[in-house]
Amino acid sequence: MEKNKGDFWVNHLRYRLRRLDQTPYVTVGLIGLMVIVFLAMTLAGGSTNGSVLIEFGAKLNPLIQQGQWWRLVTPIFLHIGFTHILMNMITLYFVGMQLEAAFGHGRYLAIFLVSGIGGNVASFCFSDSLSAGASTAIFGLFGAFMMLGESFWQNPVIRSLARTFLAFVVMNLAFDVFTPGIDLAGHIGGLFAGFFVAYLVGVPRIGRVSVIKRVIASIVLIGGLVWLYLHGMAQ
């Protein structure tokens, strides 16, 4: 009787752990954090107010060049206006929950953060504009889907998803070119950072990624980020 009771609790714990592992709590947590920040910005004077954006950590090149390097990270969690955060959070939820299931929570979070930083570093290098938003990180998630498509092309589901997201990326970048105020450099930087960091972290839930590809991607990612940062600092 005691043994059966013990087995019940062990099996129940395993079930709860599996449910937790399958829950996209990183994606939900990121969305919750960004909503809280947006509300705080609104109460502080408005998320479209330039002074508020700077106070909360938007990307501003002169301040980064003065040593405020954290402005390459904090813009990921800021948004400019309600439409901006609404569209980004909807995209993050539907794209993020798929990638979080594929890569696992820790790897997915690493992809999101490195992509966001990579996009902001590219923006720092090529754009003088004040900028903020999770778009850099979200484009990195698109890049991670491209990595899955390249690495597991024989899988029909992954191949179909990769094609869909590739078309979506092309349309978005084309839209960016003709839309004033869009940080094109940040989007492209995030896209490539996400593509390369996805190789770096790997995706053991789906399959093995070539060691050579992972090493090359790591070198390109780190080298590219260092070059972009130093070039931005030298301007």
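For the structure, see preceding data.
A.B. asks: Got a minute to help me understand the overall build of the protein chain in this structure?
C.D. replies: Along the protein chain, the regular secondary structure elements total 10 helices and zero strands. Reading the secondary structure of the protein chain in the N-to-C direction produces α-α-α-α-α-α-α-α-α-α. For 235 residues, the compact-globule estimate of 2.2 N^0.38 gives 18 Å, and the C-alpha radius of gyration of the protein chain, at 19 Å, lies within 12% of that figure. Along the longest, intermediate and shortest principal axes, the C-alpha atoms of the protein chain span 70 × 45 × 30 Å. Scored against the burial criterion, the 235 residues of the protein chain give a buried share of 43%. Just so you have it, the protein chain exposes about 12,400 Å², and 70% of that area is on carbon and sulfur atoms. For the protein chain, the distance from the average site of its 15 positive side-chain charges to the average site of its 9 negative ones is 11 Å.

A.B. asks: I'm lost on helix H2 (residues 25–44) in this one. Help?
C.D. replies: Quick reminder: α-helices carry 3.6 residues per turn. Residues three or four places apart thus point the same way. If you check H2, its first and last C-alpha atoms are 28 Å apart, about what 20 residues at 1.5 Å a residue would give, namely 28 Å. Among the residues of H2, Val26, Thr27, Leu30, Ile31, Met34, Val37, Phe38 and Met41 are the ones counted as buried. Here the buried residues of H2 occupy an arc of 135° about the axis, which is enough to place them on one side. Structural note: H2 exposes Ile36 and Leu43 on the side pointing more than 90 degrees away from its buried face.

A.B. asks: Just to check I follow, could you spell out the layout of surface pockets for this structure?
C.D. replies: One way to see where empty space is left: roll a probe the size of a water molecule over the atoms. Approximately 650 Å³ is the volume found for the largest pocket. In this structure, the largest pocket is lined by 28 residues; those nearest its centre are His84, Asn88, Ser135, Ile182 and His187. Contributions of two or more residues to the lining of the largest pocket are made by helix H5 (82–103), helix H7 (135–151), helix H8 (156–177) and helix H9 (184–201). Of the voids in this model, the second largest pocket is the one considered here, and its volume is about 200 Å³. Contributing to the lining of the second largest pocket are 14 residues, with Ala122, Gly189, Phe192, Ala193 and Leu228 lying nearest its centre. For the lining of the second largest pocket, the secondary structure elements donating two or more residues are helix H6 (105–126), H9 and helix H10 (211–234). The element that contributes the greatest number of residues to the lining of the second largest pocket is H9, accounting for six residues. Across the lining of the second largest pocket, the residue classes break down as 11 nonpolar, three polar and no charged.

A.B. asks: Looking at this structure, I do not really get the environment of Asn49. What am I missing?
C.D. replies: Topologically, Asn49 is positioned in the loop between H2 and helix H3 (50–56). Polar side-chain contacts of Asn49 include one of 2.9 Å to the backbone nitrogen of Ser51.

A.B. asks: Help me understand the side chain of Thr136, please; the structure alone is not making it clear to me.
C.D. replies: Position of Thr136 relative to the elements: it lies in helix H7. Residue Thr136 is classed as buried on the basis of its relative accessible area of 5%. Beyond its immediate sequence surroundings of up to four residues, Thr136 is in contact with Ser115, Gly116, Gly119, Asn120, Gly186, His187 and Gly190.

A.B. asks: Would you explain H5 in this entry?
C.D. replies: Taking 1.5 Å per residue as the helical rise, H5 with its 22 residues ought to reach 32 Å, and the 30 Å between its terminal C-alpha atoms agrees with that figure. The axis of H5 is deflected most strongly, by about 30°, at Gly96. For H5, the complete set of buried residues consists of Ile85, Asn88, Met89, Leu92, Val95, Gly96, Leu99, Glu100, Ala102 and Phe103. Against H2, H6, H7, H8 and H9 lie the buried residues of H5. Residue Gly104 follows H5 closely and has a positive phi angle near 95°.

A.B. asks: Honestly, the pattern of salt bridges in this entry has me stumped. Any pointers?
C.D. replies: Considering all chains together, one arrives at one salt bridge under this definition. Close ionic contact of Lys213 with Glu150 constitutes a salt bridge, the shortest N to O distance being 2.9 Å. A residue pair is termed long-range when its members are at least 10 positions apart, and Lys213 in helix H10 and Glu150 in helix H7 qualify at 63 residues. On the accessibility criterion, Lys213 (33% relative accessible area) is partly exposed.

A.B. asks: Honestly, the packing of aromatic side chains in this entry has me stumped. Any pointers?
C.D. replies: Where two aromatic rings form a pair, the distance of their centres and the angle of their planes describe that pair. Inspection of every chain in the model, using the stated rule, returns 10 aromatic pairs. Seen in terms of ring centroids, Phe142 and Phe165 are 5.7 Å apart; in terms of plane orientation they differ by 35°. Their pairing is tilted. You can see Phe142 sitting in helix H7 and its partner Phe165 sitting in helix H8, a full 23 residues away along the chain. For the pair shown, Phe142 and Phe165 are each scored as buried. Members of the aromatic cluster, connected to one another through ring pairs, are Phe139, Phe142, Phe145, Phe165 and Phe168.

Quick notes on the rules
- Residues numbered from 1 in each chain as written.
- Predicted model: local features only at pLDDT ≥ 70, side-chain atom pairs only at ≥ 80, totals over all residues.
- Heavy atoms only, no water.
- Helix = DSSP H or I, 4+ residues; strand = E, 2+ residues; numbered from the N terminus.
- Rg over C-alpha atoms; globule rule 2.2 N^0.38 Å.
- Buried < 20%, exposed > 50% of the residue type's maximum accessible area, 1.4 Å probe, protein only.
- Areas by Shrake-Rupley, 256 points an atom, 1.4 Å probe, with all protein chains shown as cover.
- Lys, Arg positive; Asp, Glu negative; His and termini not counted.
- Charge placed at Lys NZ, Arg CZ, Asp CG, Glu CD.
- Expected span 1.5 Å × (residues − 1).
- Arc of directions from axis to C-beta.
- 1 Å grid on protein atoms, 1.4 Å probe; cavity = no way out; pocket = protein on both sides within 12 Å on 5 of 7 lines; lining within 4 Å.
- Points joined across faces, edges and corners; volume = space filled by probe spheres on them.
- Nonpolar A, V, L, I, M, F, W, Y, C, P; charged D, E, K, R; others polar.
- Polar contact = N/O pair within 3.5 Å; in protein donor to acceptor, adjacent residues only side chain to side chain.
- Contact = heavy atoms within 4.5 Å.
- Bend = angle between axes of the 7 residues up to and from the residue.
- Salt bridge = Lys/Arg side-chain N within 4 Å of Asp/Glu carboxyl O.
- Phe/Tyr/Trp six-rings, centres within 6.5 Å; stacked < 30°, edge-to-face > 60°.

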